[in-house]
Amino acid sequence: MTTLALSTPVGRMVLTEEGDAITRVKWSEEAAGEGSPLLREAERQIGAYFAGEREDFELPLRVEGSAVVKLVCSEMRKIPFGETTTYGAISKKLGFSAQSIGGACGANPIPLIIPCHRVLGASSLGGFSGGMGIETKVALLRHEGAAGLLI
């Protein structure tokens, strides 16, 4: 396991790589390692994202979690930059309850790179378990120009 910490406009993040794939991104102040070529590439791509130079990520990822979490993460990766969908829309597509979709979004081990911030409730922003919670979700949606739909 290799880790790397980076500062972003939405807080300090720690990236984890295991077996040549990114397995975790979390907002944390914990100590981190020196990284690896993959994690330094992720740092470069995340920097380009926040600089407005990149809209998606081309990184090897491995989602660790239940089958539902893996399916929902796969679906979230399809949501384009600047667009949003709802828990209900993913629910209809995958055949699980909107509540289980919300739980799977909250269990996303690779937020930002897998854009769970682009998934909203039917009549609210829904939740966000990274950074400062909903404030971080709003900041990411604003960065992507999607906040006009919500705020």
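Now for a quick tour of the structure. (Residues numbered from 1 in each chain as written. Predicted model: local features only at pLDDT ≥ 70, side-chain atom pairs only at ≥ 80, totals over all residues. Heavy atoms only, no water.)

## Regarding the pattern of salt bridges
Here is step 1 of the chain: Going through the model one piece at a time under the given rule, you end up with seven salt bridges.
Here is step 2 of the chain: A salt bridge links Glu-75 to Lys-78, with the nearest nitrogen and oxygen atoms 3.3 Å apart.
Here is step 3 of the chain: Residue class for Lys-78 comes out exposed when judged on its relative accessible area of 54%.
Here is step 4 of the chain: Lys-93 is the partner of Glu-75 in a salt bridge, and the nearest nitrogen-oxygen pair spans 2.8 Å. (Salt bridge = Lys/Arg side-chain N within 4 Å of Asp/Glu carboxyl O. Buried < 20%, exposed > 50% of the residue type's maximum accessible area, 1.4 Å probe, protein only.)

## Quick word on helix α1 (residues 37–50)
Here is step 1 of the chain: The end-to-end C-alpha distance of α1 is 20 Å, a good match for the 20 Å that 14 residues give at a rise of 1.5 Å each.
Here is step 2 of the chain: Taken residue by residue, α1 has Leu-38, Leu-39, Ala-42, Gln-45, Ile-46, Ala-48, Tyr-49 and Phe-50 as its buried positions.
Here is step 3 of the chain: On its buried side, α1 packs onto β1 (2–8), β2 (11–18), β3 (21–27) and α5 (134–143).
Here is step 4 of the chain: The first or second residue beyond α1 is Gly-52, which carries a positive phi of 80 degrees. (Helix = DSSP H or I, 4+ residues; strand = E, 2+ residues; numbered from the N terminus. Expected span 1.5 Å × (residues − 1). Contact = heavy atoms within 4.5 Å.)

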